[in-house]
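# Examination of the molecular architecture
What follows is the residue order along each chain.
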Amino acid sequence: SSNEHKLNFKKSKEACLSYIQDALLQKQWKRAAEFLTCYVESLEKDYSREHIGPSEMIWRIGTEILWHHSQSSMKEFSCFMEQMKTLGVKRYLKVCLEHVFHLLCNGQIDEAYQNLSLAESWRFGEQTAIQDKEMKLIQAYRGLLDYYSWSEQKNILLEQGEDGFSDLAVEQEMHGYFRKAAVNLKEIIKIPGVWDIFVKCYVDLLEFYGDHNEARQVLNEYAYNSKFPANPNAHVYLYQFLKRQREPKKSLISALKILHDIVPSHELMIDFNTMLQKSKKRKKRRLGLEVIFAALDYAGWKENAKAWSCLTRQVKQIVVSDKHLDWIKQEWNSRKDWWPAFHFSRYLAKRNWQEDKSLSYEKALVAGILLGKGCKYFKYVSHQGCKAQLKRFRMLKKFVNRHNLVYLKISG
Amino acid sequence: RDFNERCAQCSEVNWGLTDGGRFYCRSCHNVTERTREVVNTDFITNSRVQTISKGSRKQEENDGGSEWYICEGFQLVLKKQVEALEALGVCPQMKDEILCNFWRCYLQKSKQAYCKRPAPETVKTLSVCESSTDVDSDPERPSLLHLLSLSESEGDLQTDCSFASSVSKVSESTSVYSGSVDGSLYLMKNQKEKLRMTMPMTLSFCYMALLWVREPITLSELLRYVVEGHIPYLNVFQHFPEKMKLCGLDLKIFCVESWPVYEEVFDQMHELAAFLDLPRFPDITESCFLHPDMLCMKYLMEANLPDELHIWTCRVVKKIGIGEVDFLTLVPGNKSTRKVKYDVLAVAVIVVVLKLLFLLDDHYEWLLSEYAEERNKNNTEVYIFYSGGPYFEFKKWYEVVKHSLDVKQKKLDEERAKYLWRCEKPLFYSVKNKSKVLKRRQMVVNLQNQFGKLSGSVQCAEKPNPSSFQLSWSEKNTDGSCFHGHSLKGVLQEKRGLLTAMNPDYWLCTVKLCNEKLCGHLAHYKEVEFPQSYHFVLGLFSFLLRVQPSYIHDEVCMIEHKLFNKKLYKKLKYNTVLRS
């Protein structure tokens, strides 16, 4: 209709919002505030049919502006948040939580704690049940702050212990915090989700008080319960726990196995490979080779001398024993087309030699075995190494020469 | 007994009543047409139109409010508007004589007042004060929601239904329909028959009055003044007296949340003029501001175009006969003549002239510009001065005007995003959500203060002074940014003693005009189908008049078809239709 270009309230506010958005993206806080001032009267209209209503918009935009604006104080910020809490009952707990996060970012731990306690005591008819998840989060974060208080007390106690003192009051307080923290942390980690920090803290508490069984159970749940989203950290925590408990290699390995599947480039893969290499079981050693090759597929590992040394060690061992060359063959099969350019170019040879001789040593060995002594990388590095009269490079040259035909076997 | 007007015959104030209820002058026995019901002709005070006869008038003490009718509200609005126009310099007769009479005539025709028998539906209404118990038993009584959904295009207020629906959930007996006596009825009335009064229509009234007295204010100017806040429109109701309580459906009638557009006000004005059975309006002659020759001069100046173009606009106007008194003067009810949009017509003439002289095909005008540039470079300043100004360079003009236009457009866009639609006076649908509304208002004010402080020093609360010209160019500027005195000699040539355009071609915007009655337009404008220069020129005037480019394009098509009427059928070489 011809009236589509008519300027009305809705269109005017939409335009206003887009100006706010532009200003926010360009960090022009004054300008954003200017337009927000004009936008706020949207509150007087009902937008119940819209997906995001003006009250939510104002909350989110206002938060951003007040957080970043140079003339805004924390006091103003908190005042604003209080107003926002009254605006939408359906969002009450969410707003509380966000407020708490900002307070924490600003270092106001005590205020944050107060707000959390206040929010915890909030009740509003059926909304309380509807916002159950947010309530759990609030309780969890309060539990977290309790944990930090516990941690402080613990440190005081430990210091005092060193000096030979022992303050009962501090100890009591510490236990008190523990109880409060444990209750809440335990609750939240029952719900499927990503709760890394809560889990870590809770496990720390359990370990301190010697409840290793509970700790193990919690970590197992967190890592293996299929209802929880796949989370590499869960496996890392479990592994670290098992290590602390000095569990046998077998359980350590099984903990890391899934981590390898999820994140082949994880930094723990070195530990993993090291353990696997030493295993008596063939399958494990085979897995080890797979693990280290997979890790080196990633750009982040290209210059990791330690990783390369793991590979070198295993390759050497296989070549020398002349057993399981097919393992190398299998691994190399999918890599022979791109690893040469990725790892063993002449440019990289020069650079590695300049920057890290150990790295170039390890890589040269692998290159020499996988690609033969004629390959660019090996030739350059071994030549440089021998020129510099470094013993190990001479040994390297000899070794590769001796096993020169390996590359033919594995690339065939 | 309040009838204080002087008798037309003997100028005495000595009235009596005839049996028929009419006033007669006791001095000279002159019987007037005025009936008894016209008690108070004083337009100044907020006269309650006491002509609707109904049952007892209850003067409730509820909130100190009293009964009032919708048309009283509109009367107040009109009063405010015409006072504002007076402040802008419009002659005072407009208020006391013209608009006042128009309004009375309207009331009479729509049977809301000044007539013997009022509309029979005024009997059953609900007011704030009443709380009838048998609402549900009346099957004809519409629900609140139903009434809210009826009304004109204001979809925005419909979203406030949540307020209303919360009201209707409460027992209907205490629900509030309107603060006015006849609010709900007003919305129910059959629009076609009686031309229901709306807020946009108040502007139609104003425009009609302006046209009658031939004030030098065009419709586009009027609407611009409204948007700029010089004429009350948005939130006029905040000036209603305390005792006129506004709530419920009154909001639907008086609270606007959109700016009226030219087409709307224009069309309604004509409908209104016909409805009121007005006679032929005063003649628009050559000396009138609204005459195309005058308006063209104004817009040429505003568009920073050479004064010399005025000769050409006059020529076009003369050629197609749009300067004739009979063409320009409004005769209400005459469906055969095309309604004249004075301002749009004038700018369309300018566009056509530009096309005649510069072709505007994204090619020729730049060539001409280069030619002019060369000439200007070679001539000395003295020569330029004595030979009637430098050659007009289209390119330079384009750059200067585009720059200014972009700046103004950007500013306008920002202003449009920053409009504040609400005012201090809170609006609520019923007494029940009054506290909620007030709370919200308080919060809005708080937030405005908080973020207003953080806005920096950008606050400019002052309205700009009303000005007829949005763009101004001064010849005193030494940077050569004013083109009024420039010469068209670069684009003209002498042929047989006459100055004609060097440009031999012309392209028509459209070969065939649409049937306006069927699709509402003479043509359908799509930017991509026309040259950029043409689009630029349309855009410039579109900005000045605050109408859509297509609106001006229609008018251009109309002019072109008048101008090339004969040639269209002869199919001469002038019929080059250029489309990209």
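Because the structure is predicted, anything quoted here is derived from the model rather than measured. (Residues numbered from 1 in each chain as written. Chains lettered and ligands numbered in written order. Predicted model: local features only at pLDDT ≥ 70, side-chain atom pairs only at ≥ 80, totals over all residues. Heavy atoms only, no water.)

To continue, consider the packing of helix α3 (residues 54–68) of chain A against helix α4 (residues 74–87) of chain A. Residues and elements named next belong to chain A. It is at 10 Å that the axes of α3 and α4 come closest, and there the two elements cross at 170°. In this view, α3 runs roughly antiparallel relative to α4, as classed from their interaxial angle. Contacts between α3 and α4 involve Ser55, Ile58, Trp59, Gly62, Thr63, Leu66 and Trp67 on the former and, on the latter, Met74, Glu76, Phe77, Phe80, Met81, Met84 and Leu87. Taken together, the residues of the contact of α3 with α4 sort by class into 10 nonpolar, three polar and one charged. (Axes fitted to C-alpha atoms, helices over the stretch in contact; angles between N-to-C directions. Helix = DSSP H or I, 4+ residues; strand = E, 2+ residues; numbered from the N terminus. Parallel < 35°, antiparallel > 145°, perpendicular 65-115°, else oblique. Contact = heavy atoms within 4.5 Å. Nonpolar A, V, L, I, M, F, W, Y, C, P; charged D, E, K, R; others polar.)

A few words on the environment of B:Cys91. Residues and elements named next belong to chain B. Its location among the elements puts Cys91 in the loop between α1 (70–87) and α2 (93–109). According to the relative accessible area criterion, Cys91 is partly exposed, its value standing at 21%. Apart from the residues lying within four places of it in its own chain, the contact partners of Cys91 are Val213 and Glu215. (Buried < 20%, exposed > 50% of the residue type's maximum accessible area, 1.4 Å probe, protein only.)

Residues and elements named next belong to chain B. Relative to each other, helix α13 (residues 309–320) and helix α15 (residues 342–358) sit at 110°, their axes nearing to 9 Å. Between α13 and α15, the crossing angle belongs to the class labelled roughly perpendicular. Touching Leu309, Trp312, Thr313, Val316 and Val317 of α13 are Val349, Ile350, Val353, Leu354, Leu356 and Leu357, all from α15. Of the residues in the contact of α13 with α15, the class split is 10 nonpolar, one polar and no charged.

Attention shifts here to a positive patch on the surface. Taken together, the side chains of A:Lys249, A:Lys278, A:Lys306 and A:Arg313 present a region of like positive charge at the surface. Along the chain, A:Lys249 turns up in helix α13 (residues 249–262). (Patch = residues over 30% accessible without salt bridge, like charges linked within 9 Å, V, L, I, M, F, W, Y side chains within 5 Å. Areas by Shrake-Rupley, 256 points an atom, 1.4 Å probe, with all protein chains shown as cover. Salt bridge = Lys/Arg side-chain N within 4 Å of Asp/Glu carboxyl O. Lys, Arg positive; Asp, Glu negative; His and termini not counted. Charge placed at Lys NZ, Arg CZ, Asp CG, Glu CD.)

Core analysis: the largest hydrophobic core is formed by 147 residues, its most contacted members being B:Tyr106 and B:Phe254. Built from parts of two domains, this core gets at least three residues from each of domain 2 (68–110 + 195–278) and domain 3 (292–409 + 474–565) of chain B. Discounting chain neighbours no more than four positions away, the residues touching B:Phe254 are B:Trp68, B:Ile70, B:Gly73, B:Phe74, B:Val77, B:Met199, B:Phe237, B:Phe240 and B:Leu246. Judged by nonpolar contacts, the second largest core, of 132 residues, contains A:Val203, A:Leu206, A:Leu311 and A:Val319. (Core = buried A, V, L, I, M, F, W, Y, C linked by side-chain atoms within 4.5 Å. Domains from an automatic or database assignment.)

Below, the discussion takes up the pattern of salt bridges. Overall, the coordinates contain 36 salt bridges over all chains when judged by the stated rule. Here B:Glu560 ties to B:Lys355 by a salt bridge, and the two come within 2.5 Å at their closest N and O atoms. Linking B:Glu560 in helix α22 (residues 549–563) with B:Lys355 in helix α15, this pair joins segments that are 205 residues apart in sequence. Each of the two residues, B:Glu560 as well as B:Lys355, counts as buried. The residue B:Lys377 makes a salt bridge to B:Glu374 at a minimum N-O spacing of 3.8 Å. Here B:Lys377 and its partner B:Glu374 are both found in helix α16 (residues 364–378), three residues apart, which amounts to about one turn of the helix. Using a relative accessible area of 58% as the deciding quantity, one classes B:Lys377 as exposed. Linked through salt bridges whose partners overlap, the residues forming this network are A:Arg286, A:Asp297, A:Glu331 and A:Arg335.

It is worth spelling out the packing of aromatic side chains at this point. For any pair of aromatic rings, the description consists of the separation of the ring centres together with the inter-plane angle of the planes. Scanning all chains against the criterion turns up 57 aromatic pairs over all chains. Ring centres of A:Trp308 and A:Trp339 lie 5.9 Å apart, and the angle between their planes is 65°; on these two criteria the pair is classed as edge-to-face. Of this pair, A:Trp308 sits in helix α16 (residues 305–321) while A:Trp339 sits in helix α18 (residues 339–343); the two residues are 31 residues apart in sequence, bridging distant segments of the chain. Given a relative accessible area of 0%, A:Trp339 falls into the buried group. Chaining the aromatic ring pairs together yields one cluster made of A:Phe293, A:Trp308, A:Trp332, A:Trp338, A:Trp339, A:Phe342, A:Phe344 and A:Tyr377. Over the face of the ring belonging to A:Phe342 we find A:Lys302, whose NZ or CZ atom lies 4.4 Å from the ring centre. Here B:Lys298 stacks its cationic end above the ring of B:Phe469, 4.7 Å away from the centre of that ring. (Phe/Tyr/Trp six-rings, centres within 6.5 Å; stacked < 30°, edge-to-face > 60°. Lys NZ or Arg CZ within 6 Å of the ring centre and 35° of its normal.)

This part covers α15(B). Residues and elements named next belong to chain B. Under the 1.5 Å per step criterion, the end-to-end length of α15 is 24 Å for 17 residues, consistent within 8% with the ideal 24 Å. Burial runs high along α15: 16 of the 17 residues are buried. Residue Leu359 follows α15 closely and has a positive phi angle near 70°. (Expected span 1.5 Å × (residues − 1).)

Below, the discussion takes up the pairing of strand β5 (residues 498–501) of chain B. Residue and element names in this part refer to chain B. Across four bridges, the pairing between strand β4 (residues 492–495) and β5 is antiparallel. Residue pairing for β5: Gln493 is matched across the bridge by Thr500. Count of turn residues in the β4/β5 antiparallel hairpin: two residues, of which Arg496 carries a positive phi of about 50°. (Pairing = 2+ DSSP bridges.)

Below, the discussion takes up the confidence of the model for chain B. Residues and elements named next belong to chain B. Per-residue pLDDT for chain B averages 76, and the proportion of residues at 70 or more is 72%. Below a pLDDT of 50 lies the segment residues 37–62, which in the model reaches 57 contacts outside its immediate sequence neighbourhood of four places, other chains included. Here residues 116–176 is modelled with pLDDT under 50, and outside its nearest four sequence neighbours on either side it reaches 111 contacts, counting other chains as well. Overall fold confidence (pTM) sits at 0.75, and the ipTM for the predicted complex is 0.74. (pLDDT = per-residue confidence, 0-100.)

Residue and element names in this part refer to chain B. Position of Leu345 among the secondary structure elements: in helix α15. Considering only alpha carbons, one finds Leu345 and Glu555, 210 residues apart in sequence, at a separation of 6.3 Å. Ignoring anything within four residues of it in the chain, the contact list for Leu345 reads Pro292, Ile322, Phe327, Val340, Glu555, Met558 and Ile559.

We now examine the domain arrangement of chain B. All names here are of chain B. What the domain assignment lists for chain B is domain 1 (1–36), domain 2 (68–110 + 195–278) and domain 3 (292–409 + 474–565). Here domain 2 and domain 3 have C-alpha centroids that lie 33 Å from each other. Listed per partner, the contact involves 15 residues of domain 2 and 16 residues of domain 3. Summed over both sides, the interface of domain 2 with domain 3 buries roughly 1,300 Å², with 66% coming from carbon and sulfur. Three residues stand out in domain 2 for area buried against domain 3, namely Tyr262, Phe266 and His270, and they jointly supply 35% of the buried area on that side. At the boundary of domain 2 with domain 3, the tally comes to one salt bridge. (Buried area = accessible area lost by both parts, 1.4 Å probe.)

Moving on, we come to helix α1 (residues 9–25) of chain A. With 17 residues, α1(A) extends 24 Å between its outermost C-alpha atoms, agreeing within 8% with the 24 Å of an ideal straight helix rising 1.5 Å per residue. For α1(A), the full list of buried residues reads A:Phe9, A:Ser12, A:Lys13, A:Cys16, A:Tyr19, A:Ile20 and A:Ala23. Along the long axis of α1(A), the arc covered by the buried residues comes to 115°, so they all point the same way. Buried-residue contacts for α1(A) involve α2 (29–39) and α3 of chain A together with α18 (394–417) of chain B. A:Lys27 lies just past α1(A) and shows a positive phi near 60°. (Arc of directions from axis to C-beta.)

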